[in-house]
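# Geometric and topological summary
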Amino acid sequence: MVATVVDRAGRVGRPARSVAAGRRRVLAVGVAASVVLVVLVTLGLILGDFPVPLERIPTILAGGGEGIEHTVVVDWRLTRVIAAVGVGALLGIAGALFQTVTRNPLASPDILGLSSGAFSGMLLTLVLVSASWQALVAGSLVGGLVTALVIQMLASRDGLQGFRIVVVGIGVSAMLASLNTWLLLQVELETAMFASAWGAGSLNGVSAGPVTGALVAAVPIVVGAFCLVPRMRQLELGDDLAAATGARPHAVRALALLAGVGLVSAATTVAGPVAFVALAAPQIARRLARTPSLPLGLSALLGAAVLLASDLVAQHALPAPLPVGVVTVSVGGLYLLSVIVLELRRRA
Amino acid sequence: MTVTTRPGRGILSVGVVAAILAVAVIASLALGANPLAPPAVIDALAGRGTRETSFVVWDLRVPRTVVGLIAGAALGAAGALMQAFTRNPLADPGLLGVGAGAAFAVALGVSLFGLSDPGEVVWPAFAGALLVTMAVSVIGASGPGGPVRLILAGVALGAVLSGITTAITLTDPEAFDRMRGWNAGSLLGAGLDDLGAIAPFVAAGAVLAFALAPGLNAMALGDDVARSQGVNVGRIRIGVIVAVTLLAGAATAIAGPISFVGLMIPHVVRWIVGPDQRAVLPLSLLAGPVVVLAADILGRVVIAPAEVPVGVVVAFVGAPLLIALARRRTARAL
């Protein structure tokens, strides 16, 4: 929240320094987040049962090193690190899009039914078809997309309004969540535990092929999302003013939601439905940068950092290895909490 | 936004919903795997029934009906308070961390102390809900930023706890098994003793909620407007948090996390009587148990003699209604 002030001429606006200072701050936060991300990536490459000293990393990445080192660092750890960074960034951008379009800090892919739909699709695949990794990814993807489509159809009437899509979304999501609870009660305990672990989102066993495919497919969507940013800023003035300044609110909103759905789908094919990153990353970004609107690029950086940090904790810091989605929720939650508490201290 | 008062419509709606609730209570006592005719129910209630009908009515159906009444009323009122207070149509009592706190306490109880009987987790769940909401309020309600800050604090702390809860259950198959049952929500857990002890908390929460209604009406126009009308915004805020904690905490303790009622009821009620909290709160209090009891009855008969847990049915009963209402032209934001 940025304080509104009235200057001497009676004009209402944010404090006068804020434009230049605000840009500097966004830049500073971006640089800091990038540094943190580089540290996390390095940690991701050296940590693990097979010790690789830090000074060996550049050589190995450049193609040198013995066979086993290359396999461990490049094929296993680098793939996983790239998957975490990519999925986190996609989710961060998607979350910023959803929250901007619906103008609601609680709007996450859940609102469009993507998460609960993906989990329903995955559970039904598990119960009815097969438990292979590809089948589960396909099932969750289809489930998420069909749900998003149904919600869009139910909610569109005189165009997509933020409020209606939110209410329809929570209705459909609640039904699917109930269905999921019920399905979990119907299957054997072992199956239910497996489903819950997978459904939380996991980077266990990611391989280079699907990761590359999903991330490459997401690139044009990311570019499109960034092109939408100026239009979305116009929408923040309200639909009427936005239309008066040449934007088409309905089209912008529909495109932004479409982009968000595409990004979450790409992320889901890599890691399953990872919870909370899309909700937390934009809020953390905005609070750190103190911008009035949700910064897309910073959300991507922070999404990547949150997911990678969570995956490191999930792999190395816990007595039993857990799916990353379980840790994401806690790490993202703790971080959001500390940001809120620090904000309070600073103002007190 | 203007606060339109439609006293006539409000009183009429309360009457109609109360009548529907009476029907739901009778149906809840009569229907099930062993259906009884209404006269037999009345006989059994009056102590004149056969041993079998008395057992079915008094030992099986009265407790679950009472749980449904208390939990539904508490969730409906808590939801109305949360949405009025946060001015957010997505707000439900769970945002204060009630559900996450209760689930965390139950998971700990199940995993560490081997609690297994549904009745045993009532008090741990209530304690967990109270402690976590207190923490959320301390972090979120102090300082500037208003309800958004409180919501984010609740979401954040709730997420941390739910992550830990999932971690506990994923590493302990027995706890996972109990928790998936608890998560579905059920009116069968709590006995009449527990209900007698929990009811005063709900009553206190409801009284507090009614007392807050005029202040919430003023706050609907913005905190500054409310202040200029002499409303103590800080006091209302604390009052809402206390009332929601008592109501939703008690409901979660006796019935598990029944998630959709607190979210849906206030929307439906506002579309009937308008935004005046003096009408919305009592009507939510009455409409909540209607939905919970209807869902419970449906869950009993739909795959009889087996049952579908009430928490699962609630969304299937409520969501289509909510969506249909949201598609009407007149539906609008808070």
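Quantities reported herein were computed from a predicted structural model and do not represent experimental measurements. (Residues numbered from 1 in each chain as written. Chains lettered and ligands numbered in written order. Predicted model: local features only at pLDDT ≥ 70, side-chain atom pairs only at ≥ 80, totals over all residues.)

## Some details on the overall build of chain A
Along the backbone of chain A there are 13 helices and two strands. Buried positions account for 50% of the 348 residues belonging to chain A. In chain A, of all internal contacts separated by at least 6 residues, the share reaching a separation of at least 24 is 72%. (Helix = DSSP H or I, 4+ residues; strand = E, 2+ residues; numbered from the N terminus. Buried ≥ 20, exposed ≤ 12 C-beta atoms within 10 Å, placed from the backbone. Contact = placed C-beta atoms within 7 Å.)

## What to know about the overall build of chain B
Helix and strand content of chain B: 13 helices and zero strands. Element order for chain B, N to C, with α for helix and β for strand: α-α-α-α-α-α-α-α-α-α-α-α-α. A compact globule built from 334 residues would reach a C-alpha radius of gyration of about 20 Å, and chain B, at 20 Å, matches this within 12%. Across the 334 residues that make up chain B, the buried fraction comes to 56%. Summarising the internal contacts of chain B: among those between residues at least 6 apart in sequence, 76% fall at separations of at least 24. (Rg over C-alpha atoms; globule rule 2.2 N^0.38 Å.)

## Topic: the packing of helix 7 (residues 189–199) of chain A against helix 7 (residues 173–183) of chain B
With their axes 10 Å apart at the nearest point, helix 7 of chain A and helix 7 of chain B run at an angle of 85° to one another. On the basis of their axis angle, the class for helix 7 of chain A and helix 7 of chain B is roughly perpendicular. Here Leu189, Ala192 and Met193 of chain A of helix 7 of chain A come into contact with helix 7 of chain B, specifically with Pro173, Phe176, Asp177 and Arg180 of chain B. (Axes fitted to C-alpha atoms, helices over the stretch in contact; angles between N-to-C directions. Parallel < 35°, antiparallel > 145°, perpendicular 65-115°, else oblique.)

## Brief notes about the packing of helix 11 (residues 277–289) of chain A against helix 12 (residues 296–317) of chain A
Residues and elements named next belong to chain A. Close contact between helix 11 and helix 12 brings their axes to 8 Å; oriented N to C, the two are set at 120°. Taken together, the axis directions place helix 11 and helix 12 in an arrangement best described as oblique. The two elements helix 11 and helix 12 cross, and the hand of that crossing is right-handed. Residue-level inspection shows Val277, Ala280, Ala281, Pro282, Ile284, Ala285 and Ala289 of helix 11 in contact with helix 12, the latter providing Leu298, Ser299, Leu302, Gly303, Val306 and Leu307. A class-by-class count of the residues in the contact of helix 11 with helix 12 yields eleven nonpolar, two polar and no charged. (Left-handed = near helix turned anticlockwise from the far one by under 90°. Nonpolar A, V, L, I, M, F, W, Y, C, P; charged D, E, K, R; others polar.)

## Here's the deal with the interface of chain B and chain A
Contact residues are listed per partner, giving 46 residues for chain B and 46 residues for chain A. Breaking the side of chain B that touches chain A down by element, the ones donating at least two residues are helix 6 (146–170), helix 7, helix 11 (261–273) and helix 13 (310–326) of chain B. Among the elements that take part in the side of chain B that touches chain A, helix 6 of chain B stands out by supplying 15 residues, more than any other. Its residues assigned to classes, the side of chain B that touches chain A shows 29 nonpolar, twelve polar and five charged.

## Some thoughts on helix 4 (residues 114–128) of chain A
Since the α-helix turns once every 3.6 residues, residues separated by three or four places project in the same direction. Residues and elements named next belong to chain A. The end-to-end C-alpha separation of helix 4 is 21 Å, in line with the 21 Å expected for 15 residues at 1.5 Å each. Summarising burial for helix 4: twelve of the 15 residues are buried, a large majority. When helix 4 is considered as a whole, its buried residues turn out to be Leu114, Ser115, Ser116, Gly117, Ala118, Phe119, Ser120, Gly121, Met122, Leu123, Thr125 and Leu126. (Expected span 1.5 Å × (residues − 1).)

## What about the nonpolar core?
In terms of nonpolar packing, the biggest core is built from 220 residues, with Ala74 and Leu247 of chain B touching the most fellow members. A per-element tally of this core places helix 3 (residues 67–102) of chain A first, with 16 residues. For Leu247 of chain B, the residues in contact, after removing those within four places along its chain, are Ala74, Ala77, Ala78, Val202, Gly205 and Ala206 of chain B. Judged by nonpolar contacts, the second largest core, of seven residues, contains Leu36, Val41, Ala44 and Val56 of chain B. (Core = buried A, V, L, I, M, F, W, Y, C linked by C-beta atoms within 7 Å.)

## Remarks on helix 10 (residues 233–255) of chain B
Residues and elements named next belong to chain B. Counted at 1.5 Å a residue, the expected span for helix 10 with its 23 residues is 33 Å, and the 32 Å between its end C-alpha atoms agrees. Judged by how many residues are buried, helix 10 sits mostly within the fold: 17 of 23 residues are covered. Just past helix 10, the residue Gly256 takes up positive phi, approximately 80°.

## Structural notes on the environment of Leu294 of chain A
Within the secondary structure layout, Leu294 of chain A lies in the loop between helix 11 and helix 12. The spatial distance from the C-alpha of Leu294 of chain A to the C-alpha of Val229 of chain A is 9.9 Å, given a sequence separation of 65 residues.

## Brief notes about the environment of Val273 of chain B
Residue and element names in this part refer to chain B. Turning to its location among the elements, Val273 is positioned in helix 11. In this structure Val273 comes out as buried when scored by C-beta crowding, with 23 C-beta atoms within 10 Å. As a C-alpha pair, Val273 and Ile11 span 262 residues in sequence and 9.5 Å in three-dimensional space.

## Focus on the confidence of the model for chain A
The predicted coordinates should not be examined in detail at positions where pLDDT is low. Of the residues in chain A, 89% reach a pLDDT of 70 or more, and the chain-wide mean stands at 79. Counting interchain partners and residues more than four positions distant, the pLDDT-below-50 stretch residues 1–16 of chain A has 13 contacts. (pLDDT = per-residue confidence, 0-100.)

## Focus on the environment of Pro39 of chain B
Position of Pro39 of chain B relative to the elements: it lies in helix 2 (residues 38–45). Looking at Pro39 of chain B, the number of C-beta atoms within 10 Å reads 10, which means it is exposed.

## Here's the deal with the confidence of the model for chain B
In the predicted model, chain B carries a mean pLDDT of 81, and the fraction of residues at 70 or more is 92%. Taken over the whole predicted complex, pTM reads 0.73, whereas the ipTM for its chain interfaces reads 0.72.

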